[in-house]
Amino acid sequence: MASDKNKKSSSSENAMWGGRFSAGPDTIMEEINASIGFDQKMYAQDIEGSRAHAAMLHKQGILSVQDAENIDQGLSTILSEIEAGEFKFSRTLEDIHMNVENRLAELIGSAAGRLHTARSRNDQVALDFRMWVRDRVDASIVEIERLMVTLLAKAEIHAGTVMPGFTHLQTAQPVTFGHHCLAYVEMLARDKSRMEDARERMNECPLGAAALAGTGFPIDRYMTADALNFREPTRNSLDSVSDRDFALEFVSAASICATHLSRFAEEIVIWSTPQFNFVRMSDKFSTGSSIMPQKKNPDAAELVRGKVGRVNGSLIGLLTVMKGLPLTYSKDMQEDKEGVFDAADTLELCLAAMNGMIADMTINTDAMKAAAGSGYSTATDLADWLVREADLPFREAHHITGRAVALAEEKGCDLADLKLVDLQDINETITDAVYSVLTVEASVSSRVSFGGTAPSNVASQISYWRDRLKTA
């Protein structure tokens, strides 16, 4: 009797593992093995997948009408309990799957055990994780589009606002702030495209691959794929349970997007300094100093710049987990989720923060214009004028312009302030018509080549992107 009692006790302690194990897990094993602390994020996907699986089992004659109805009602109750904060997650039950199944058994009895027919936790977690990532891809695309719309609005207001364009962070040629904003619209459009491409590839349903080899039950994988809004079922059971490309692609796209946000954040940090004074951050996205009352720090931008490290770290972490795994499932893959969860949260937060910062920041157009004319930024315009009007080879025009810049430096003035006689001493073909190209406004207006900074081009590109976003 004692022996029977012990067997009953150990069996109940190890319900998830069945009769193979005669003793419960060590505390340390339980600690390292449990994932419920983080995979409970996938509760909605887990329940949705189980409801679709149960409906399919019933249609295929594997579940009775009564069992199917009880399972569906029980899962609906569990979903409500979790969303109301009334569900008690247990570490001893390891993961979200067993927590849900255990509660289902409490609600409907032994029929709950029939839900796992023709299914394994291997294809179950592959499904849940894929659905969760798919949902966050959709959320990221929405946030990317919102930021694009904000940038387009800023670009429209400042289509003709002149600012310096930089190479090596040195003044290069005048551009417009609207054109600068549109550069990030282009980057974000590629980020959006990468997300959409990744979503298309991940939109295959692994449910029904079971542990790794498929199942002998007459299941309908196309039915569950359709019920869960997948394009089709996955085609190889081994790959189905071992694939995490969908997560890698998402975090890779997230990392590139976060890098783009970090680049703009860096520019905001620089532009908001008194030395540049190009932009003023709103109080909503700034902080002060505990000791220096005059300080207004662009902390939101700095945090966006810093948080790209978290997203990049999540990508490297997952690549490292997957790099040496033989087919199919290994417990290492339990480490696939926390970094992805964090990357998704971080990206969406950074996108929202950048959206708010850009919408609220004030542009100091006078400071931008003054800086645009510094550093002899219209030198290329002088060289181009010599090519067009004096029919000089560009290399010769470049040399003449270099001499003009050196003379302006010597005199402590801008190119437009040099006297005509000074310019003619360098090259006699120069006429007073040259002054029409030496202002920053003339410079940007002349850049009408496709993709150039001319205000007319900026207006056309804004219209193009607005049409694109309407049809997206």
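Rules used in this analysis
- Residues numbered from 1 in each chain as written.
- Predicted model: local features only at pLDDT ≥ 70, side-chain atom pairs only at ≥ 80, totals over all residues.
- Heavy atoms only, no water.
- Helix = DSSP H or I, 4+ residues; strand = E, 2+ residues; numbered from the N terminus.
- Rg over C-alpha atoms; globule rule 2.2 N^0.38 Å.
- Buried < 20%, exposed > 50% of the residue type's maximum accessible area, 1.4 Å probe, protein only.
- Contact = heavy atoms within 4.5 Å.
- Areas by Shrake-Rupley, 256 points an atom, 1.4 Å probe, with all protein chains shown as cover.
- Lys, Arg positive; Asp, Glu negative; His and termini not counted.
- Charge placed at Lys NZ, Arg CZ, Asp CG, Glu CD.
- Axes fitted to C-alpha atoms, helices over the stretch in contact; angles between N-to-C directions.
- Parallel < 35°, antiparallel > 145°, perpendicular 65-115°, else oblique.
- Left-handed = near helix turned anticlockwise from the far one by under 90°.
- Nonpolar A, V, L, I, M, F, W, Y, C, P; charged D, E, K, R; others polar.
- Pairing = 2+ DSSP bridges.
- Core = buried A, V, L, I, M, F, W, Y, C linked by side-chain atoms within 4.5 Å.

Draft legend 1. View of the overall build of the protein. Helix and strand counts for the protein stand at 19 helices and 6 strands. Over its C-alpha atoms the protein spans a radius of gyration of 31 Å, topping by over 25% the 23 Å that the globule rule assigns to 472 residues. Taken along the three principal axes of its C-alpha coordinates, the protein extends 115 × 55 × 40 Å. The buried share among the 472 residues of the protein stands at 47%. A fraction of 74% describes how many contacts in the protein between residues 6 or more apart in sequence connect residues 24 or more apart. Carbon and sulfur atoms make up 51% of the accessible area of the protein, which amounts to about 22900 Å² in all. Distance between charge centres in the protein, computed from 48 positive and 67 negative side chains, equals 3 Å.

Draft legend 2. Geometry of the packing of helix 8 (residues 177-202) against helix 11 (residues 245-271). Contact geometry of helix 8 with helix 11 gives a least axis separation of 8 Å together with a crossing angle of 170°. The angle between helix 8 and helix 11 places the two elements in the roughly antiparallel class. You can see that helix 8 and helix 11 cross each other, and the crossing is left-handed. Among the residues making up the contact of helix 8 with helix 11, the classes are represented as 16 nonpolar, 2 polar and 6 charged.

Draft legend 3. Just unusual backbone geometry, in detail. For the peptide bond that leads from Leu327 to Thr328, omega is 10°, which places it in the cis range. The phi dihedral of Leu169 is positive, around 60°, even though this residue is not glycine. Relative to the assigned elements, Leu169 resides in the loop between strand 1 (162-167) and strand 2 (170-176). Located in the positive-phi region is Asp391, a residue other than glycine, with phi close to 55°. By secondary structure assignment, the location of Asp391 is in the loop between helix 15 (379-390) and helix 16 (394-411). With relative accessibility at 67%, the residue Asp391 sits in the exposed group.

Draft legend 4. The arrangement of the packing of helix 7 (residues 121-157) against helix 13 (residues 337-360) in detail. Two elements in contact, helix 7 and helix 13, have axes separated by 9 Å at closest approach and are oriented at 15°. As far as their axial angle goes, helix 13 and helix 7 are roughly parallel. The handedness of the crossing between helix 7 and helix 13 is left-handed. Taken together, the residues of the contact of helix 7 with helix 13 break down into 17 nonpolar, 3 polar and 7 charged.

Draft legend 5. Spatial organisation of the environment of Cys413. Topologically, Cys413 is positioned in the loop between helix 16 and helix 17 (420-426). Sequence spacing of Cys413 and Thr224 is 189 residues, and the spatial spacing of their C-alpha atoms is 74 Å. Every residue in contact with Cys413, bar those within four places of it in the chain, is listed here: Tyr376, Ala408 and Leu418.

Draft legend 6. A look at the pairing of strand 1. The pairing of strand 1 with strand 2 spans 6 bridges and is antiparallel. Residue Phe166 lies in a different strand from strand 2, and its bridge partner there is Thr171. Between strand 1 and strand 2, which pair antiparallel in sequence order, lie 2 residues; one of them, His168, sits at a positive phi of approximately 60°.

Draft legend 7. Layout of the nonpolar core. Formed by 77 residues in total, the largest nonpolar core has its most connected members in Val133, Leu151, Leu188, Met195, Leu261, Val340 and Met354. Looking at this core, the elements with two or more residues in it are helix 7, helix 8, helix 11, helix 12 (299-322), helix 13, helix 14 (365-372) and helix 19 (455-471). Looking at which element gives the most residues to this core, the answer is helix 11, with 16 residues. Other than its neighbours up to four places away in sequence, Leu261 contacts Leu147, Leu188, Val304, Leu347, Cys350, Leu351 and Met354. Ala379, Ala383, Ala408 and Val434 belong to the second-largest nonpolar core, a separate cluster that totals 23 residues.

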